[in-house]
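# Structure at a glance
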Amino acid sequence: MFEAADDGISSSAMSPRHAQPASVIASVKLPDFWQSDPAPWFQHVEALFHLRGVTEDDSKYYLVVVALDQQSTRRAMQLLRDPPPHGKYAAIKELLLRRYSQSAAERADKLLSLPVLGGGPYGQHAVIAGLRRRRVPFPAHFPAPTSTSGPGGLGKLPEFGGW
């Protein structure tokens, strides 16, 4: 039978960079960062942290760093080179959310740039009415409607005959 050499390191030894057992950290594999949808990615990651018992700030920070792709890493380099002594995870989360989240106007612009499918009642007028109800600002290159008759100041919208 083989005996393990006593090198002073056990499988439950604490990593020098983390106050959590190395086995806890090694058991966590985060999905690649979702540039197009960072907020749900962080919800997913925080659920994994909870399930795996990852509680230390440094552990969370370094696990997120490992999940970043090349472009995201480049966009976070200033923080990665000089992270704060405390609150590293909160700092990288805030940075990534700020850099990759779309504003309400950007989301509206994206919606309005989609081709209208079928030309039916779900054209731009319906999209604009929905945006008006939610008080979403209009993109600069798309003039807001000026008519005040009808819902949301859009005039009469096309009737929808049902499914």
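Criteria and thresholds
- Residues numbered from 1 in each chain as written.
- Predicted model: local features only at pLDDT ≥ 70, side-chain atom pairs only at ≥ 80, totals over all residues.
- Heavy atoms only, no water.
- Helix = DSSP H or I, 4+ residues; strand = E, 2+ residues; numbered from the N terminus.
- Buried < 20%, exposed > 50% of the residue type's maximum accessible area, 1.4 Å probe, protein only.
- Contact = heavy atoms within 4.5 Å.
- Areas by Shrake-Rupley, 256 points an atom, 1.4 Å probe, with all protein chains shown as cover.
- Axes fitted to C-alpha atoms, helices over the stretch in contact; angles between N-to-C directions.
- Parallel < 35°, antiparallel > 145°, perpendicular 65-115°, else oblique.
- Left-handed = near helix turned anticlockwise from the far one by under 90°.
- Nonpolar A, V, L, I, M, F, W, Y, C, P; charged D, E, K, R; others polar.
- Expected span 1.5 Å × (residues − 1).
- Arc of directions from axis to C-beta.
- Phe/Tyr/Trp six-rings, centres within 6.5 Å; stacked < 30°, edge-to-face > 60°.
- Lys NZ or Arg CZ within 6 Å of the ring centre and 35° of its normal.

Scanning the protein from terminus to terminus reveals eight helices and zero strands. Expressed as a percentage of the 163 residues in the protein, the buried residues total 28%. Restricting to contacts in the protein with at least 6 residues of sequence separation, those with at least 24 account for 57%. About 11300 Å² of surface is accessible on the protein, with carbon and sulfur atoms providing 56% of the total.

The next point concerns the packing of helix H2 (residues 38-52) against helix H3 (residues 57-67). At their nearest, the axes of H2 and H3 sit 12 Å apart, and the two run at 130° to each other. As judged from the angle between their axes, H2 and H3 are oblique. Where H2 crosses over H3, the two elements pack in a sense that is right-handed. Here Trp-41, Phe-42 and Phe-49 of H2 come into contact with H3, specifically with Lys-60, Leu-63, Val-64 and Ala-67. The residue inventory of the contact of H2 with H3, partitioned by class, reads six nonpolar, no polar and one charged.

Here we take up helix H6 (residues 88-100). The end-to-end C-alpha distance of H6 is 18 Å, a good match for the 18 Å that 13 residues give at a rise of 1.5 Å each. Those residues of H6 that fall on the buried side of the exposure criterion are Lys-88, Tyr-89, Ile-92, Leu-95, Leu-96 and Tyr-100. Summarising the axial view, the buried residues of H6 lie within an arc of 135°, below the 170-degree limit, and thus occupy one face. On its buried face, H6 sits against H2, H3, helix H4 (70-75) and helix H5 (77-81).

Another aspect to go through is H2. With 15 residues, H2 should reach 21 Å at 1.5 Å per residue; the first-to-last C-alpha distance of 21 Å fits that figure. Residues of H2 that are buried include every one of Pro-38, Trp-41, Phe-42, Val-45 and Phe-49, and no others. Across the axial projection of H2, the buried residues extend over an arc of 95°, all falling on one side. The outward face of H2, more than 90 degrees from its buried face, is lined by the exposed residues Gln-43, His-50 and Leu-51. Contacts made by the buried residues of H2 are with H3 and H6. Looking at the residues trailing H2, positive phi occurs at Gly-53, about 75°.

Turning our attention to the packing of aromatic side chains. Throughout the structure, instances matching the rule amount to seven aromatic pairs. Considering the side-chain rings of Phe-33 and Trp-41, the 5.1 Å spacing of their centres and the 85° angle between planes classify their relative orientation as edge-to-face. Trp-41 shares its class with Phe-33; the two are buried. Where Phe-33 meets Tyr-100, the ring centres are 5.4 Å apart and the plane angle is 70°; that geometry is what we call edge-to-face. One end of the pair, Phe-33, is in the loop between helix H1 (22-26) and H2; the other, Tyr-100, is in helix H6, with 67 residues separating them in the sequence. With a relative accessible area of 6%, Phe-33 lands in the buried category. A residue is classified by how much of its surface remains accessible, and Tyr-100, at 10% relative accessible area, is buried. An aromatic cluster is defined as three or more aromatic residues linked by ring pairs; in this entry it consists of Phe-33, Trp-41, Phe-42, Phe-49, Tyr-89 and Tyr-100. Lys-60 extends its terminal NZ or CZ atom over the ring of Tyr-89, reaching a point 5.6 Å from the ring centre. Sitting above the plane of the Tyr-100 ring, Arg-75 keeps its charged end 4.7 Å from the centroid.

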